[in-house]
Amino acid sequence: MKRLIALLMALCMAASLGACGSGQSSSAAQSSEPVQSADGASSSQSGSSQETQETAAAWQPEKPVQCIVPFAAGGGSDILTRLIIQYADMPTEMVAVNVDGGAGLVGGQQCAAAAPDGYTLLAHNPMNLISQGLTGTSDLWEQLTLLAFVVDDWTMVCTNTATGWKTAEDFINYAKEHPGEVKWGVTGTPIIIADSHRAMEGLGIECTIVPYDGGNETRTALAGNHIQIEVATSADIRNDVEAGEVIPLFAIAPNRCPFMEDVPTLSELGVPVDSGAPRAYFAPANLPEEIVDYYDQLFKSVCENPEFVEACEKVGMVVQYVGAEEGAQRMNNWYESLKPVFEKYGLSG
Amino acid sequence: MSIFAQGFQSLLNEPFSFLLMTFGVFFGIIFGCIPGLTATLGVILLIPVTYAMSPVMGFSMLLGIYVGGISGGLITATLLNIPGTPSSIFTCWDAYPMSKNGQPGQALSIGVFSSLMGGLFSAVALIFIAPQLAKVALQFGNWELFGLTLMAMCIIAVMTEGDPLRSSVGLVFGLMLASIGLDSLTGQQRLTFGSWQLLGGLASTSIMMGLFAITEILMQTRELSHHKQKVSTKGMSFKPPVKALKGCWRTMGVGSVIGTFIGILPAIGQQTASLVTYNYAKSTSKTPERFGKGNPEGIVASETANNAVCGGALIPLITLGIPGDMTTAALLGGLMIHGLQPGPLLFSSNPGIIGAIMLIFLMCNLVMYLMELGLMRVFIRLIDLPRYLLFPFIVFCCILGVYALNNRIFDIWVLLVFGLLGYLFTLCKVPLSPIIMGYLMGKTFEVNFRRAMISAQGDFGDLFNRPIAALFLAASILFVLVPVGLRILRRAKKSGAATI
């Protein structure tokens, strides 16, 4: 009997170790890389890192940095952060911590509540923050400092094979003849809804906007022809486009998507809407200048690493570095241009 | 069939899965045979352990616990007349008398064999029905999902054991829990009371572990010092009881079909299936008076049915994302953690996983049978594992698991608060499973209704353009009205009889 108990306890201990392991596996997996690169930094990398130190400032992290990923493990922000950790050349290690919930607000608030000392970062999407500000859901954006935009995504308007539309013109002609009939599924931030309204008004068509919760739901609805138009991110639909199951019609973005080169942008169709979909990094508000500079330079050097660019491409992301100052300017511009749109369509809180 | 081949491939790629399957079944049987520990609890407890595994490996273990846990309950039911897991309540009725008559080995082996047959039948059903249902499920739009969840909730309210009014209270409470956080369609805050901690809603793992694990432990600690019976395993033989099963084959077939069908229906599970089969077997038997006195047919009825529910319950889970019983509700959480959104698209986007789940389920049933034959003596001894060691350890696992999921201390508080709430609910005789079901289906229910109304531009009549949805709505109304109507009729008859 005693032996049995001992055996059971041992099994349970092993099981609980597994549970602990999951929490730490992320840090363990990362620590192997940064340690290596830290070694590298002291020898081969000393040239480049010293350069940045001379030009930027004296600040350098002295203890591990925590980067909060306010979304579930395995999502886009999570994958990107883990890639950055792998390629970032830092004297200490960076650890990704997933705090999921409330469209990124829970983790975001946790970062905003931390001290602005450069040891707590946040991986977040500027468009989420802007839309939460515009709808009055949260003023989280004002409690954060932007460090850099790192990668970009494209908002694609697409259809299924059942509709028979091959190009934007096919769709527009049909929609003009049948006002209100086409169901237009959206997911993501209310900015997508605002831009959908702008697109429809600019193109002179009328569709019924149906909000969904997540790309998986819109894909299921599109496959069952419950909606005829799906607004999705380029990364989400990439495989389905290649398989021919989803047909991209046009992009709502400042420029064409690199891996769907023949798909026009909405601006090319005569409707000047240029909302991007970048992924960026933030820190708590009132972060000292020299720390902002340190991280801005760090992200810049990561984005310039061809291996990192290639690794991002493999997971469907396109690296597009934008520095702290210019990024903040873009966010303000988007905010200002979207504000009247939100008011017009009754989206603001 | 290519789904099957791909599933086989992904299993072969990860041979470690077979080991995890065996461990899962072993762990499951232990959880099944210790009263108070259930298959659901076993699955919930080990979900955190799967975070670091691949989906195939994780599911090998979780399905093993599910199959083992449901079957393991029969051991305690047979030997101690206590259902080791709630689904074996009706096994007690015949298995215990039989074992008291000096045939404990016989009773156990009949039960184990019935478990195997029920499980295998439902595995075959899963393999053949699920892909077909997935094709139909793609046609399910907002109205259909609204109708389906409404029907499921009506079934829960009426069919959960005890007072329908109390289950409805639980259901509504669950629906309220589901609406906490950001509204997924408009992004507005709801029921957050200004706290950002609540913006993401309450974590389902915290709620489930709180309501099931912590509550159960609180309930059981009240009887911690009670004296327990000891069991001796001397002179038992567990040979497959071909002779004793003569004349039971029909019951076995009926139990498999009823169990699988009840499994497919959302939200009602093993107990209902066992009871329905038991009653059917008794009412159609030539010798109904032998039931309850150690009739092998009674054991067969209960055990085939409750294991057949497992495979049935997996069908709506993987095709529609709607759990067929409480344990699959926990499995739903397990799938989502691995980034797999159950639904018809899973069949085209991840056929390997679907095939693997089917195969794993099939194999777990075989492993369960072999293990229960070979290690029966071990399990019998584990029944008297001291609770004062077990319970603190389970609480510790819960806290660890909840925290590891999302790195938030807040979730631990949710766990503990829900443990206390569950205790209070149990004292007030409000059943806990409607709360969980309301919570899990609340969002699908609400969001699909609102989206359907948006699509139809505010016209509820649009529902009647969709025959399947209208059928679900009609069924929901029937499920609520028929039992109520029957009760009124019965009361009227009684008072009529009184006046005569």
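Treat the numbers as computed from the prediction; the structure is a model and nothing was measured.

Q: Could you give an account of the interface of chain B and chain A, naming the residues involved and the relevant values?
A: The partner chain A presents 40 residues to the 45 residues of chain B that form the contact. Buried surface at the junction of chain B and chain A, both sides included, amounts to about 3800 Å², of which 69% is carbon and sulfur. In this structure, aspartate 213 of chain A and lysine 443 of chain B form a salt bridge, with 2.5 Å as the shortest nitrogen-oxygen distance. Secondary structure elements with two or more residues in the side of chain B that touches chain A: helix H2 (16–33), helix H16 (376–382), helix H17 (387–406) and helix H19 (433–455) of chain B. With six residues, the single largest contributor to the side of chain B that touches chain A is H17 of chain B. Broken down by class, the residue content of the side of chain B that touches chain A amounts to 25 nonpolar, 14 polar and six charged.

Q: Now, about the side chain of serine 114 of chain B: what can you tell me, with residues and values included?
A: Within the secondary structure, serine 114 of chain B is located in helix H6 (residues 104–137). Sequence-distant contacts of serine 114 of chain B, defined by excluding residues within four places in its chain, comprise Met252, Val300, Glu303 and Thr304 of chain B.

Q: So, the packing of aromatic side chains: which residues are in play, and what are the values?
A: All names here are of chain B. Counting across every chain of the model gives 29 aromatic pairs over all chains. Judged by centre distance (4.9 Å) and plane angle (85°), the rings of phenylalanine 90 and tryptophan 93 are edge-to-face. One end of the pair is phenylalanine 90 and the other is tryptophan 93, both in helix H5 (residues 89–100) and three residues apart, which spans about a single turn. Seen from their ring centres, phenylalanine 393 and phenylalanine 396 are 6.3 Å apart, and the 40° between their planes marks the pair as tilted.

Q: For the sheet that holds strand E11 (residues 318–322) of chain A, give the residues involved together with the corresponding values.
A: Two strands in a sheet stick together by hydrogen bonds in their backbones, pointing the same way (parallel) or opposite ways (antiparallel). Residue and element names in this part refer to chain A. Read across the sheet, six strands follow the order E2-E1-E3-E10-E4-E11 without closing on themselves; strand pairing throughout is mixed. Taken across any chain shown, the strands that pair with only one partner, and hence form the sheet edges, are strand E2 (94–98) and E11. In this sheet, neighbouring strand axes are inclined to one another by 25° on average, regardless of whether the strands run parallel or antiparallel. Sheet contacts for helix H10 (residues 289–303): strand E1 (65–69), E2, strand E3 (120–124), strand E4 (144–153), strand E10 (277–284) and E11; angle to E4, the most-contacted strand, approximately 10°.

Q: Mind laying out the domain arrangement of chain A, listing which residues take part and the relevant values?
A: Residues and elements named next belong to chain A. One can read the domain layout of chain A as domain 1 (51–152 + 277–340) and domain 2 (155–275). Each of domain 1 and domain 2 has a C-alpha centre, and the two are 28 Å apart. Facing the 12 residues of domain 1 at the interface are 13 residues of domain 2. A combined buried area of about 970 Å² lies between domain 1 and domain 2, and 65% of that area is made up of carbon and sulfur atoms. Taken together, the elements giving at least two residues each to the side of domain 1 that touches domain 2 come down to helix H5 (126–135) and helix H12 (324–344).

Q: Tell me about a nonpolar patch on the surface, and please be specific about residues and values.
A: Taken together, the side chains of Ile477, Val480, Leu481, Val484 and Ile488 of chain B define a hydrophobic patch exposed on the protein surface, amounting to about 430 Å² of accessible area. Along the chain, valine 484 of chain B turns up in helix H20 (residues 467–499).

Q: I'd like a rundown of the packing of helix H8 (residues 164–178) of chain B against H19 of chain B, residues and numbers included.
A: Residue and element names in this part refer to chain B. In contact at an axis separation of 7 Å, H8 and H19 are set at 40° when each is read in the N-to-C sense. The orientation of H8 with respect to H19, classified from their angle, is oblique. Here the hand of the crossing between H8 and H19 comes out right-handed. Facing Ser167, Gly170, Leu171, Phe173, Gly174, Leu175, Leu177 and Ala178 of H8, the residues of H19 in contact are Pro434, Ile435, Gly438, Tyr439, Gly442 and Lys443. Counted by class, the contact of H8 with H19 contains eight nonpolar, five polar and one charged residues.

Q: An account of a negative patch on the surface is requested, with residue identities and associated values reported.
A: Residues and elements named next belong to chain A. A surface patch of negative charge is lined by Glu289, Glu290, Asp293 and Glu325. Looking at the element boundaries, glutamate 325 is found in helix H12. Accessibility expressed as a relative area gives 73% for glutamate 325, which makes it exposed.

Q: Requested: an account of the pairing of strand E9 (residues 246–252) of chain A, with residues and values cited.
A: All names here are of chain A. For E9, the buried fraction is high: seven of the seven residues fall into the buried class. Where strand E5 (residues 155–160) meets E9, six bridges bridge the pair, whose relative direction is antiparallel. By the bridge assignment for E9, asparagine 160 is matched with valine 246.

Definitions and limits used
Each chain has its residues counted from 1, running along the sequence as written. Chain labels run from A onward and ligand labels from 1 onward, assigned in the order the entries are written. Totals for whole chains, interfaces and linings use every residue, but because this is a predicted model, local features are given only for residues with pLDDT of at least 70 and side-chain atom pairs only at 80 or more, for both listing and counting. Side-chain numbers come from the whole structure's heavy atoms, not from hydrogens or water. Only heavy atoms matter for contacts: two residues are in contact if any of them lie within 4.5 Å across the pair. Summed over both partners, the accessible area (1.4 Å probe) lost when two parts come together is defined as the buried area. One side-chain nitrogen of Lys or Arg within 4 Å of one carboxyl oxygen of Asp or Glu is enough to make a salt bridge. The helix count covers DSSP runs of H or I at least four residues long, the strand count covers runs of E at least two residues long, and both are numbered beginning at the N terminus. Under the convention adopted here, Pro, Cys and the residues Ala, Val, Leu, Ile, Met, Phe, Trp and Tyr are nonpolar, Asp, Glu, Lys and Arg are charged, and Gly plus all remaining residues are polar. Only Phe, Tyr and Trp rings take part, Trp by its six-membered ring, and two of them pair if their centres are within 6.5 Å. Stacked means planes under 30 degrees apart, edge-to-face means over 60, and tilted covers everything else. Pairing between two strands is assigned when DSSP locates at least 2 bridges connecting them. Here, axes are lines fitted to C-alpha atoms. For helices the fit covers the stretch in contact, and angles between N-to-C directions go from 0 to 180 degrees. Here the bounds of each domain stem from an automatic or database domain assignment. Residues enter a patch when their relative accessible area is above 30% and they make no salt bridge; the linking distance is 9 Å between like charges and 5 Å between nonpolar side chains (Val, Leu, Ile, Met, Phe, Trp, Tyr). The Shrake-Rupley method, run with a 1.4 Å probe, gives the accessible areas here. Residue values count only the displayed protein chains as cover. The cut-offs work like this: below 35 degrees is roughly parallel, past 145 is roughly antiparallel, 65 to 115 is roughly perpendicular, and the gaps in between are oblique. It is the rotation of the near helix from the far one that decides the hand of a crossing: anticlockwise by less than a right angle makes it left-handed, clockwise makes it right-handed. In summary, the charge assignment counts Lys and Arg as positive and Asp and Glu as negative, without counting His or the chain termini. The location of each charge is read from NZ of Lys, CZ of Arg, CG of Asp or CD of Glu. Remark: exposure states derive from per-residue accessible area (1.4 Å probe, protein chains only) relative to the maximum for the residue type, with buried under 20%, exposed over 50%, and partly exposed in between.

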